[in-house]
Amino acid sequence: MFVHVDPAHDLAIYDQIVRQIKFAVAHGAVGVGELVPSVRELARELAINPNTVARAYLQLQNENVLETVRGLGLAVAAGADKRCRQERGKLIQARLHQVLSEARHSGLELAEIRKLIEAELSEI
């Protein structure tokens, strides 16, 4: 599966699951209509409490990323890919804003910041 959790991470484990599933949907690693692992299956794979997975899945259902498929389980909802891409963009933009703001407040000039950004982009 595409989900990995880090108990030492600042984010709660259920938040890590939510975020990773959204990113997987946004990236196309999990397509619209595709079933996600059952609560028990993912909990066993990640060696975590099933209630943690259930909480993540409930949040994803509330955000219309996952939907119930009667008799089968949970699948990626129609339109979730677009919503997840938009959310991923907003998250990345917020993180960039934070880093750029920190760079400016540390005294770096705009030209220096641009040079750092260009250097990083050239390595991707």
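The rules behind each value
- Residues numbered from 1 in each chain as written.
- Predicted model: local features only at pLDDT ≥ 70, side-chain atom pairs only at ≥ 80, totals over all residues.
- Heavy atoms only, no water.
- Helix = DSSP H or I, 4+ residues; strand = E, 2+ residues; numbered from the N terminus.
- Buried < 20%, exposed > 50% of the residue type's maximum accessible area, 1.4 Å probe, protein only.
- Polar contact = N/O pair within 3.5 Å; in protein donor to acceptor, adjacent residues only side chain to side chain.
- Contact = heavy atoms within 4.5 Å.
- Core = buried A, V, L, I, M, F, W, Y, C linked by side-chain atoms within 4.5 Å.
- 1 Å grid on protein atoms, 1.4 Å probe; cavity = no way out; pocket = protein on both sides within 12 Å on 5 of 7 lines; lining within 4 Å.
- Points joined across faces, edges and corners; volume = space filled by probe spheres on them.
- Salt bridge = Lys/Arg side-chain N within 4 Å of Asp/Glu carboxyl O.

A.B. asks: Tell me about the side chain of K22, and please be specific about residues and values.
C.D. replies: Assignment of secondary structure puts K22 in helix α1 (residues 13–27). With a relative accessible area of 7%, K22 lands in the buried category. Side chain to side chain, K22 and E87 meet in a polar contact 2.7 Å long. Ignoring anything within four residues of it in the chain, the contact list for K22 reads L60, E63, V65, C84 and E87.

A.B. asks: Just give me the short version of the nonpolar core, but keep the residues and values in it.
C.D. replies: Within the largest apolar cluster, 25 residues are counted, with the highest numbers of intra-cluster contacts made by I17, V25 and Y57. Within the residue set of this core, elements represented by two or more residues are α1, α2 (39–46), α3 (50–62), β2 (73–76) and α4 (80–105). Here the element with the most residues in this core is α1; it accounts for seven residues.

A.B. asks: Give me the layout of surface pockets: which residues, what numbers.
C.D. replies: When its volume is computed, the largest pocket comes out at roughly 220 Å³. If you go around the largest pocket, the residues you meet are L96, V99, L100, A103, I113, L116, I117, E120, L121 and I124. Those elements that place two or more of their residues in the lining of the largest pocket are α4 and α5 (110–122).

A.B. asks: An account of the pattern of salt bridges is needed here, citing residue identities and associated values.
C.D. replies: For the coordinates displayed, the defined rule picks out two salt bridges. A salt bridge links K22 to E63, with the nearest nitrogen and oxygen atoms 2.3 Å apart. Placement of the pair is K22 in helix α1 and E63 in the loop between α3 and β1 (66–69), with a sequence separation of 41 residues. Overall, E63 belongs to the partly exposed group, its relative accessible area being 32%. Ionic pairing is found between E87 and K22, a salt bridge with its closest N-O pair at 2.7 Å. One end of the pair, E87, is in helix α4; the other, K22, is in helix α1, with 65 residues separating them in the sequence. Residue classification places E87 among the partly exposed positions, given a relative accessible area of 39%. Taken together, the salt bridges that share partners define one network made up of K22, E63 and E87.

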